[in-house]
Amino acid sequence: MTHENPRAAPYFYADDCDLAEFVAITSSRLIAAQVPHATTVEANVPVYEMSSLGRMLDAPDTRRALMAEWAQVLSDGSGVLKLKQAYEDTSSIDAATAIFHDIISREKAANGKGADHFATAGNNDRIWNSLQKLCEAAPEVFARYFSNTVISAVSEAWLGPNYQMTAQVNVVRPGGAAQEAHRDYHLGFQTDEVSRQYPAHVHRLSPFLTLQGAIAHGDMPLESGPTKVLPFSQRYSAGYAAWRRDDFRAHFEAKYVQLPLSKGDALFFNPAVFHAAGANVSQDIQRMGNLLQVSSAFGRAMENLDRRGMCEKLYPVVVALKKDNKLSAAEVTALLAASAEGYSFPSNLDRDPPTNGLAPETQQALFHRALSENWPEAQFKEALAKQALRQRA
C-alpha cells in the first residue's frame, strides 16, 4: 500500500517517498528576522559570531534566549547553524590536533586502514572515540578543549541537560572523495531493511535524541570539502527512508550548500539534515574535523542486565525447543527481543567496526546467525565472548 503523503503513513518506505514534496520543503528560505541573534545568514544557514555573543551565555535569561533560538533553527528552521569562533582561543585545538595526528599514526601502524561510515575505508583517516583517547593521552588538553561553554550551550539547547558527549576525528586528505548524502545516528546508521521496521513516529523522534556537530581543527575553505548540507531537509519526516534513493541524492547534489570554516569554528546540525563530507580538491589542505555526536540523557534503559549470560543460558534451550518444533520462527524472534541485545551501540568501534558500512553486528543478530548455522553451544559462547571483548571500552 502506498501513501501519497508519507507523513500520514504508519510506516515509511522508500518507494512511497515523494520527491516533489521534498523539493518543496527544501526550497524554503530563512530570513534574518527569524534569527535575530545571528550575525548573518549564508545560504539559509544562520551564522553566530560567538566572540561577541558569548557573553550572552553568562546570564541565565540571555543564555536561554539564545539557546531557544538555536533549538528553533535546528527543529523547524534550516536545521543547520554555524558558530563562528566557537573557540576564540584556538590553542587547545592546536594541542589536540598534534595529539590526534600522533594517534592516527600509531593506529595506522598497528591496524592499517579501518572502516568508516558512509565512505570507503581508507579514503579518510578516522579516530573512533577521540573523546576518551584525547582524555587519556593529555587530560590537561582535554580539560581546556571540552570546557568550552559554547559547545555546552548548543548541546543543551537541543538535548537538555545531562547529555552524553562522544566524538570521532575525521581527516580528509587532498584527493579524498566526498561521502554520499545521508542522515545520521540513530536511524541513519541502520540499513534500509532495519529502518523500515520502525514506525513513523520513531522516525520523527530519532532526530531529537542526537545533535551532530563538527569542530574545525584548521581552516576549511570550500576546496577542502567542508560538510555539504541541505537546509530544511530535516523537516521531511520520511527522510530516513528516502535518503538512499538515487533521485533524492541527486536533488541533494544539485542543491546542497557548503560554508567555509575557520579554525575554531563549529557547525552544528539536526542529524536528520541530509549531509555529506565534501571532496577535498585542494592541493595541500589536510582537512581535520572533530565530529561530535551528542546524545540525550534519556537514551538509557532503567536496569543493567547480563544479557550475554542470558544468551548463554538460553541457547541450548532454544535449540532444543526448535528441534522439537515447540518454537516458531516468530516466537524465537520474540524471545530474543526480550533477552539478547538488539542494538549495535555503544561499542568500541576500533575493535568492533561496522560490518555493513553502518553498524556492528548485534547480539541478537549473532544469536540468530548461530541458530541458522547450527553452531554447537561452545562455538556460540566463544562468539559471544569475542563480541563482548570487541565492544569493551
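Residues numbered from 1 in each chain as written. Predicted model: local features only at pLDDT ≥ 70, side-chain atom pairs only at ≥ 80, totals over all residues. Heavy atoms only, no water.

**So, the overall build of the protein**
Counting its regular elements, the protein contains 15 helices and eleven strands. Taking the principal axes of the C-alpha coordinates as reference, the protein spans close to 70 × 55 × 45 Å. Out of the 393 residues in the protein, the part that is buried amounts to 50%. Sequence-distant contacts in the protein: of pairs separated by 6 or more residues, those separated by 24 or more amount to 81%. Of the charged side chains in the protein, 38 are positive and 44 negative; the average position of the first set lies 3 Å away from that of the second. (Helix = DSSP H or I, 4+ residues; strand = E, 2+ residues; numbered from the N terminus. Buried < 20%, exposed > 50% of the residue type's maximum accessible area, 1.4 Å probe, protein only. Contact = heavy atoms within 4.5 Å. Lys, Arg positive; Asp, Glu negative; His and termini not counted. Charge placed at Lys NZ, Arg CZ, Asp CG, Glu CD.)

**Focus on the sheet that holds strand β1 (residues 40-42)**
Ordered by their spatial adjacency, eight strands build an open sheet running β1-β2-β3-β9-β6-β11-β5-β4, and the pairing between neighbours is mixed. With partners counted over all chains shown, the strands left at the sheet margins are β1 and β4 (124-127), one partner each. Averaged over all pairs of adjacent strands, the angle between strand axes in this sheet comes to 25 degrees, irrespective of strand direction. Here β1 runs beside strand β2 (residues 45-49); their pairing, made up of three bridges, is antiparallel. (Pairing = 2+ DSSP bridges. Axes fitted to C-alpha atoms, helices over the stretch in contact; angles between N-to-C directions.)

**Considering the sheet that holds strand β8 (residues 257-258)**
Reading across the sheet, the three strands line up as β8-β7-β10 and stay open at both edges, with antiparallel pairing between neighbours. Taken across any chain shown, the strands that pair with only one partner, and hence form the sheet edges, are β8 and β10 (275-276). When strand β7 (residues 228-229) meets β8, the two strands line up antiparallel, connected through two bridges. In the strand pairing of β8, valine 229 is matched with valine 257.

**Describing the side chain of glutamate 69**
Note on placement: glutamate 69 falls in helix α3 (residues 60-75). Although glutamate 69 lies buried, it forms no salt bridge, and the closest oppositely charged side chain, arginine 55, sits 15 Å away as judged by the N-O distance. Within polar-contact distance, the side chain of glutamate 69 engages the side chain of tyrosine 48 at 2.7 Å. Glutamate 69 has contacts with Val35, Pro36, His37, Ala38 and Tyr48, leaving out every residue within four places of it along the chain. (Salt bridge = Lys/Arg side-chain N within 4 Å of Asp/Glu carboxyl O. Polar contact = N/O pair within 3.5 Å; in protein donor to acceptor, adjacent residues only side chain to side chain.)

**A look at helix α14 (residues 363-372)**
Along α14, the residues that are buried comprise Gln363, Gln364, Leu366, Phe367, Ala370 and Leu371. Take α14 and look down its axis: the buried residues cluster within an arc of 160 degrees, on one side only. Buried residues belonging to α14 abut α12 (307-323), α13 (329-337) and α15 (377-391). Among the residues trailing α14, asparagine 374 stands out with phi positive, at a value near 55 degrees. (Arc of directions from axis to C-beta.)

**Quick word on the pattern of salt bridges**
Counting across every chain of the model gives 17 salt bridges. One salt bridge in this structure joins aspartate 247 and arginine 245, with 2.6 Å as the shortest N-O distance. The network of salt bridges with common partners includes Glu107, Lys133 and Asp350.

**Quick notes on the packing of aromatic side chains**
A complete count under the given rule lists 19 aromatic pairs for this structure. Here tyrosine 48 and tryptophan 70 contribute two aromatic rings whose centre-to-centre distance is 5.9 Å and whose plane-to-plane angle is 85 degrees, an arrangement assigned as edge-to-face. Taken together, the positions of tyrosine 48 in strand β2 and tryptophan 70 in helix α3 put the pair 22 residues apart, joining distant regions of the chain. Taking the relative accessible area as the measure of exposure, tyrosine 48 reaches 0% and is therefore buried. Summarising the aromatic geometry, the rings of tryptophan 158 and phenylalanine 208 are spaced 5.1 Å apart at their centres and angled 20 degrees between planes, so their arrangement reads as stacked. In this pair, tryptophan 158 sits in helix α7 (residues 149-159) while phenylalanine 208 sits in the loop between α9 (200-205) and β6 (210-216), placing the two residues 50 residues apart along the sequence. Judged by relative accessible area, which is 42%, phenylalanine 208 ranks as partly exposed. By the ring-pair criterion, three or more aromatic residues cluster together here, those being Phe22, Tyr236, Phe248 and Phe274. (Phe/Tyr/Trp six-rings, centres within 6.5 Å; stacked < 30°, edge-to-face > 60°.)

**Description of the pairing of strand β3 (residues 80-84)**
Counting buried residues in β3 gives four out of five residues, a clear majority hidden from the surface. The pairing of β2 with β3 spans three bridges and is parallel. Bridge pairing links tyrosine 48 to leucine 83 in β3. Of the pairings in the sheet, the one linking β3 to strand β9 (residues 266-269) comprises four bridges and is antiparallel in character.

**Things to note about the side chain of arginine 245**
With respect to the helices and strands, arginine 245 occurs in the loop between α10 (239-242) and α11 (246-255). Engagement of the side chain of arginine 245 in a polar contact is seen with the side chain of aspartate 247, the distance being 2.6 Å. When sequence neighbours within four positions are dropped, the list of residues in contact with arginine 245 reads Ala14, Asp15 and Cys17.

**Observations concerning the nonpolar core**
Core analysis: the biggest nonpolar cluster contains 68 residues, and Tyr48, Met50, Trp70, Leu81, Leu83 and Phe268 have the highest contact counts within it. Of the residues forming this core, the biggest block, seven residues, is contributed by α7. Grouped together as the second largest cluster of nonpolar side chains are 15 residues, Cys311, Tyr315, Val318 and Trp375 included. (Core = buried A, V, L, I, M, F, W, Y, C linked by side-chain atoms within 4.5 Å.)

**Comments concerning the environment of serine 328**
With respect to the secondary-structure elements, serine 328 resides in the loop between α12 and α13. Residue classification places serine 328 among the partly exposed positions, given a relative accessible area of 34%. Sequence separation of serine 328 and leucine 211 is 117 residues, and the distance between their C-alpha atoms is 40 Å.

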